[in-house]
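Structural overview
One letter stands for each residue in the lines below.
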Amino acid sequence: MVNAIFPGTFDPPTLGHLDMMERSSKIFGQVYVAIASDSHKTQPYFTIEERIGFLKTITKQILNLKVVNFDGLLIDFCDKININLIIKGLRNCNDLEFETMMAQANRKLAGIETLYLNADEKYIGISSSLIKEIATHGKRLHHFVPSEIEEVVFNKLSKK
Ligand code: PNS
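Residues numbered from 1 in each chain as written. Predicted model: local features only at pLDDT ≥ 70, side-chain atom pairs only at ≥ 80, totals over all residues. Heavy atoms only, no water.

We now examine the overall build of the chain. A tally of helices and strands in the chain yields six helices and five strands. Order of helices (α) and strands (β) in the chain, N terminus to C terminus: β-α-β-α-β-α-β-α-β-α-α. In terms of overall size, the chain behaves like a compact globule, its C-alpha atoms giving a radius of gyration of 15 Å where 160 residues would be expected to give roughly 15 Å. For the chain, the spread of C-alpha atoms along the three principal axes comes to 45 × 30 × 30 Å. The buried share of the chain, reckoned over its 160 residues, is 47%. In the chain, once contacts between residues fewer than 6 apart in sequence are set aside, the share between residues at least 24 apart is 73%. Summed over all atoms, the accessible surface of the chain reaches about 8,900 Å², with 53% contributed by carbon and sulfur. Positive and negative side-chain charges in the chain, numbering 19 and 19 respectively, have mean positions lying 2 Å apart. (Helix = DSSP H or I, 4+ residues; strand = E, 2+ residues; numbered from the N terminus. Rg over C-alpha atoms; globule rule 2.2 N^0.38 Å. Buried < 20%, exposed > 50% of the residue type's maximum accessible area, 1.4 Å probe, protein only. Contact = heavy atoms within 4.5 Å. Areas by Shrake-Rupley, 256 points an atom, 1.4 Å probe, with all protein chains shown as cover. Lys, Arg positive; Asp, Glu negative; His and termini not counted. Charge placed at Lys NZ, Arg CZ, Asp CG, Glu CD.)

Our focus in this paragraph is the packing of helix α2 (residues 48-58) against helix α6 (residues 147-158). Across the interface, α2 lies against α6 with an axial gap of 9 Å and an inter-helix angle of 160°. What the angle tells us is that α2 and α6 run roughly antiparallel. Handedness of the crossing formed by α2 with α6: left-handed. Contacts between α2 and α6 involve Glu50, Phe54, Thr57 and Ile58 from the first element and Glu148, Ile149, Val152, Val153 and Lys156 from the second. (Axes fitted to C-alpha atoms, helices over the stretch in contact; angles between N-to-C directions. Parallel < 35°, antiparallel > 145°, perpendicular 65-115°, else oblique. Left-handed = near helix turned anticlockwise from the far one by under 90°.)

Here we come to the side chain of Lys132. Along the chain, the position of Lys132 falls in helix α5 (residues 128-136). Dropping the residues within four chain positions of it, Lys132 is found in contact with Asp11, Pro12, Tyr45 and Leu157.

The next point concerns α2. Turning to α2, its buried residues number three or more, namely Ile48, Arg51, Ile52, Phe54, Leu55 and Ile58. Projected onto a plane normal to the axis of α2, the buried residues spread over an arc of 160° and lie on a single side. Buried residues in α2 make contact with α1 (15-27), β2 (31-36), β3 (65-70) and α6. (Arc of directions from axis to C-beta.)

Okay, the pairing of strand β4 (residues 85-90) next. Summarising burial for β4: five of the six residues are buried, a large majority. The pairing of β4 with strand β5 (residues 113-118) spans six bridges and is classified as parallel. Across the sheet, the residue bridging to Leu90 is Asn118, located in β5. A crossover connection joins β4 to the parallel β5 through helix α4 (residues 93-110); in handedness this β-α-β unit is right-handed. (Pairing = 2+ DSSP bridges. Right-handed = clockwise from strand over helix to strand, strands pointing away.)

Turning next to the packing of α5 against α6. It is at 8 Å that the axes of α5 and α6 come closest, and there the two elements cross at 65°. By the angle between their axes, α5 is roughly perpendicular relative to α6. In this structure, α5 meets α6 at a crossing whose hand is right-handed. Contact with α5, carried on its side by Ile131, Lys132, Ala135 and Thr136, involves Phe154, Leu157 and Ser158 of α6 and no other residues of that element. Counted by class, the contact of α5 with α6 contains four nonpolar, two polar and one charged residues. (Nonpolar A, V, L, I, M, F, W, Y, C, P; charged D, E, K, R; others polar.)

Omega for the bond connecting Asp11 with Pro12 falls within 30 degrees of zero, at 0°, which places this linkage in the cis form. Here Pro12 shows up in the loop between β1 (4-8) and α1. In this structure, Phe10 is a non-glycine residue whose phi angle is positive, near 50°. One can find Phe10 in the loop between β1 and α1. Phi is positive for Asn82, which is not a glycine, with a value near 60°.

Dropping the structure here:
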């Protein structure tokens, strides 16, 4: 079976991310969930150790999924672990525009293809940045993040 990588910042992981990981694990042989230690956008709020812990906790029932982290370019990490397929989730046209740019660069530079999975409609409105804003203002996150990590994510964000 084909192996694939599902990369992201996961700051923090959401129910939408979890849905993508569960669905990917049914399609591909081994799925690597790869956490970018740094982000192109802003400095992640949660440390890399926290994000690794969150992802391991919420995916422990998915046996063909491995949580890893990387620095630098994704294509270099893919080369290191011998993976040539990237999976991305798409919620809307904005995602598509941004992801197309990255997918084209990754294919030009390394011949690595990107496949997209459509976000389930239940999760289209969820993003890690929205979650940070909601919890910073004291509202709980049960509708947005997996229940096993809700409390710890909420506690840290609400003390911001
Ligand atoms: O969850 P995000 O923030 O949408 O994830 C974006 C991520 C981490 C997958 C992307 O920024 C990435 O691949 N970063 C690593 C650096 C890299 O390879 N950049 C793309 C150059 S074409």
